[in-house]
Amino acid sequence: MCRIKAQGGEGTLEFDNIYGIIIKAIRNRKPEDDVNTIIKKTDISNIDMSVIDLAAQILKDGGLVAFPTETVYGLGADGLNENAAAKIYAAKGRPSDNHLILHIADEKELERLVKNVPDVAKKLMDAFWPGPLTLIFEKSDMVPKGTTGGLSTVAVRMPEHPIARKLIQTSQISIAAPSANISGKPSPTSGQHVIDDMNGKIDMIIDGGEVGIGLESTIVDVTCTPPMILRPGFITKEMLEDAIGEVAVDRAVLEKPDKDLKPKAPGMKYRHCAPAADFVIFSGKKENVINAIVNNAISSVEAGEKVGIIATDENIGIIRNKTSHIKDEVIIVSIGTEKDMETIAGNLYKVLRNFDKTDVGQIYGESFANENLGQAVMNRMCKAAGYNIVRV
Ligand code: TXA
Ligand code: MG
């Protein structure tokens, strides 16, 4: 009988025959093979260490484990094991020039991953780690090309989520983890989203419920002066500037990338967080936006299309009234109140994913002010809409 003993960070667990077989299968698995995914729930405030121990063992054996972070769910593998990283690309259906973020639980781990830690990075780490901030450093020789896509730099983040932290600490692995969605789809903000995308493709999913933030981390390149935001997120430009002074923003964050304007975070060039339906965003005066949404919804329904509308709490009542005669053909959902961007950020991917479960062919939505957290929300909405923004 095959028995495997896993050393957990907090205790020891003996796996019975079935886990032994699973781990053997993981060792022998090729990236393209189908898998029986182990799905385990655990509570964020009362973490089941047997779940963490099993996940840690799978990671050590070169397997793939999806786990919650405070931003979105990550699809984790051993970041210093090139073969394990290759499995991530296969599971996501992701182009392999899209580099991975290494997740750590202790600043000491940086010593083996990066060449040097600039002073400005130390200040950012003091202010925002653990948390939703990823920093780009010069990589050390320890980090394989398969993790950084051949770049001389590496992205590192220290997540705050207790399950993510326990998994890193227990496995003693710098976990490479992109968002745990199929490439192109909105990032997963709940265990169910991960199950929808990854069941049968990866070894294990830790379902820790809904995440807190719902948008991917802010990425800041600290290898240049001034440091540059490559991807906006919950940690805003304003918050970064409070901590370190001047911060630049990659132009491709603010404008539509094209052949002459390539984003410095390679993953930002792909159409991304996109629902299956066409998505158009209207910006301008409130009355104009409401009228544009209503008129376009009516035209689309007349053309035989089912329509989805994403509205704020402030406008949803008016939009419902004005589209009541076509209500059977329209699904109107609230994304939250315009007074609370954190709620809107947290709802965005869930709302887009929910539309994928319906038969709407066209989605219309409002836009938001491009400042503070609104910058990250608008960045993701523009990508989801393929930059289809109509000024009205
Ligand atoms: O919140 C997050 O950051 C989540 C959770 C799981 O931690 N992760 C995440 O990973 O969003 P991913 O792989 O979906 O996005 C990583 C982004 C990509 O746009 C990638 O191109 C960029 O980070 N990136 C990674 N390494 C880089 C590097 N050395 N230089 C520039 N950009 C890099
Ligand atoms: Mg992603």
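Preceding this paragraph is the structure being described.
This text gives an overview of the structure that appears in the document. Please read these numbers as outputs of a predicted model, since none were measured by experiment.

### Re the overall build of the chain
Then, in step 1: If you tally the helices and strands in the chain, you get 14 helices and 18 strands.
Then, in step 2: By residue count, 57% of the 392 residues in the chain fall in the buried class.
Then, in step 3: Here the chain has roughly 16400 Å² of accessible surface; of this, 47% comes from carbon and sulfur atoms.

### Side note on the sheet that holds strand β15 (residues 307–311)
Then, in step 1: Taken together, the five strands give an open sheet; going across it, the order is β16-β15-β17-β14-β18, and neighbouring strands pair in parallel fashion. For this open sheet the edge positions go to β16 (330–334) and β18 (389–391), each flanked by a neighbour on one side alone. Between one strand and the next, the sheet's axes are offset by a mean angle of 20°, whatever the strand orientation.
Then, in step 2: Where β15 and strand β17 (residues 362–366) come together, four bridges link them in parallel fashion. Of the residues in β17, the one forming a bridge with Val307 is Gln362.

### With respect to the nonpolar core
Then, in step 1: In terms of nonpolar packing, the biggest core is built from 54 residues, with Leu124, Trp129, Leu133, Leu135, Phe137 and Leu240 touching the most fellow members.
Then, in step 2: The biggest single contributor to this core is helix α3 (residues 82–92), with five residues.
Then, in step 3: When residues no more than four places from it in sequence are discounted, the contact partners of Leu124 are Trp129, Leu133, Leu135, Val220, Val222, Leu240, Ala243 and Ile244.

### A short note on the packing of helix α11 (residues 286–302) against helix α12 (residues 313–322)
Then, in step 1: Viewed as axis vectors pointing N to C, α11 and α12 meet at an angle of 40°, and their least axial separation amounts to 10 Å. By the angle class used here, α11 and α12 are oblique. Classified by chirality, the crossing of α12 by α11 is right-handed. Two secondary-structure elements touch here, α11 through Lys286, Ile290, Asn291, Ile293, Val294 and Ile298 and α12 through Glu314, Asn315, Ile318, Ile319 and Lys322.
Then, in step 2: Residue composition of the contact of α11 with α12, grouped by class: six nonpolar, two polar and three charged.

### Comments concerning helix α14 (residues 373–384)
Then, in step 1: Between its first and last C-alpha atoms α14 spans 17 Å; for 12 residues at 1.5 Å apiece the expected length is 16 Å, and the two agree.
Then, in step 2: Within α14, the full set of buried residues consists of Leu373, Gly374, Gln375, Ala376, Val377, Met378, Asn379, Arg380, Met381, Cys382, Lys383 and Ala384.
Then, in step 3: A positive backbone phi angle near 60° is found at Gly386, which sits one or two residues after α14.

### Some words on empty space enclosed by the protein
Then, in step 1: This structure, assessed with the given rule, holds one cavity of 30 Å³ or more.
Then, in step 2: Considering only enclosed or pocket space, the largest cavity measures out at about 30 Å³ in volume.
Then, in step 3: Ile229, Pro232, Gly233, Ile235, Thr236, Lys237, Asn372, Gln375 and Ala376 together form the lining of the largest cavity.
Then, in step 4: Residue composition of the lining of the largest cavity, grouped by class: four nonpolar, four polar and one charged.

### Some remarks on the layout of surface pockets
Then, in step 1: Of the pockets and cavities examined, the second largest pocket occupies roughly 240 Å³.
Then, in step 2: As for the second largest pocket, its lining consists of 16 residues, of which Glu338, Glu366, Ser367, Phe368 and Ala369 are closest to the centre.
Then, in step 3: The set of elements that each furnish at least two residues to the lining of the second largest pocket consists of β14 (278–283) and α11.
Then, in step 4: Class assignment for the residues of the lining of the second largest pocket results in five nonpolar, seven polar and four charged.

### Overview of the pattern of salt bridges
Pairing is possible between side chains that carry opposite charge, provided their charged atoms lie close to one another.
Then, in step 1: Per the counting criterion, the structure on display carries 14 salt bridges.
Then, in step 2: Here Asp197 and Lys185 are joined by a salt bridge, their closest N and O atoms 3.2 Å apart. Taken together, the residues span a long stretch of sequence, with Asp197 in helix α8 (residues 191–198) and Lys185 in the loop between β9 (175–176) and α8 at a distance of 12 residues.
Then, in step 3: Notably, a salt bridge pairs Lys357 with Asp196, separated by 3.2 Å at the nearest N-O pair. With a gap of 161 residues between them, Lys357 in the loop between α13 (341–356) and β17 and Asp196 in helix α8 connect regions that are remote in the sequence.

### Description of the sheet that holds strand β3 (residues 38–41)
Then, in step 1: Strand order in this open sheet of 11 strands is β3-β10-β4-β5-β9-β6-β8-β7-β11-β12-β13, and the pairing throughout is mixed. Each having just a single partner strand, β3 and β13 (248–249) make up the two edges of the open sheet.
Then, in step 2: When strand β7 (residues 133–138) meets strand β8 (residues 153–157), the two strands line up antiparallel, connected through five bridges. Following the sheet pairing, Glu138 is matched in β8 by Thr153.
Then, in step 3: Strands β5 (74–78) and β9 of the sheet are contacted by α3, whose axis makes an angle of about 155° with β5.
Then, in step 4: Along the sheet face, helix α5 (residues 119–128) touches β7 and β11 (218–221) and points at about 160° away from the line of β7.

### Some points on the site of ligand 1
Then, in step 1: Lining the immediate environment of ligand 1, one finds 28 residues, of which Thr71, His103, Ser217, Arg231 and Gly267 sit closest.
Then, in step 2: Thr71 has a polar side-chain atom sitting 2.6 Å from an oxygen atom of ligand 1.
Then, in step 3: Protein contact buries 97% of the 680 Å² of open area that ligand 1 shows by itself.
Then, in step 4: Of all the elements, β8 adds the most residues to the shell around ligand 1, at four residues.
Then, in step 5: Residues belonging to the shell around ligand 1 are distributed by class as follows: 14 nonpolar, nine polar and five charged.

Cut-offs used in this document
Residues numbered from 1 in each chain as written. Chains lettered and ligands numbered in written order. Predicted model: local features only at pLDDT ≥ 70, side-chain atom pairs only at ≥ 80, totals over all residues. Heavy atoms only, no water. Helix = DSSP H or I, 4+ residues; strand = E, 2+ residues; numbered from the N terminus. Buried < 20%, exposed > 50% of the residue type's maximum accessible area, 1.4 Å probe, protein only. Areas by Shrake-Rupley, 256 points an atom, 1.4 Å probe, with all protein chains shown as cover. Pairing = 2+ DSSP bridges. Axes fitted to C-alpha atoms, helices over the stretch in contact; angles between N-to-C directions. Core = buried A, V, L, I, M, F, W, Y, C linked by side-chain atoms within 4.5 Å. Contact = heavy atoms within 4.5 Å. Parallel < 35°, antiparallel > 145°, perpendicular 65-115°, else oblique. Left-handed = near helix turned anticlockwise from the far one by under 90°. Nonpolar A, V, L, I, M, F, W, Y, C, P; charged D, E, K, R; others polar. Expected span 1.5 Å × (residues − 1). 1 Å grid on protein atoms, 1.4 Å probe; cavity = no way out; pocket = protein on both sides within 12 Å on 5 of 7 lines; lining within 4 Å. Points joined across faces, edges and corners; volume = space filled by probe spheres on them. Salt bridge = Lys/Arg side-chain N within 4 Å of Asp/Glu carboxyl O. Near = heavy atom within 4 Å. Polar contact = N/O pair within 3.5 Å; in protein donor to acceptor, adjacent residues only side chain to side chain.

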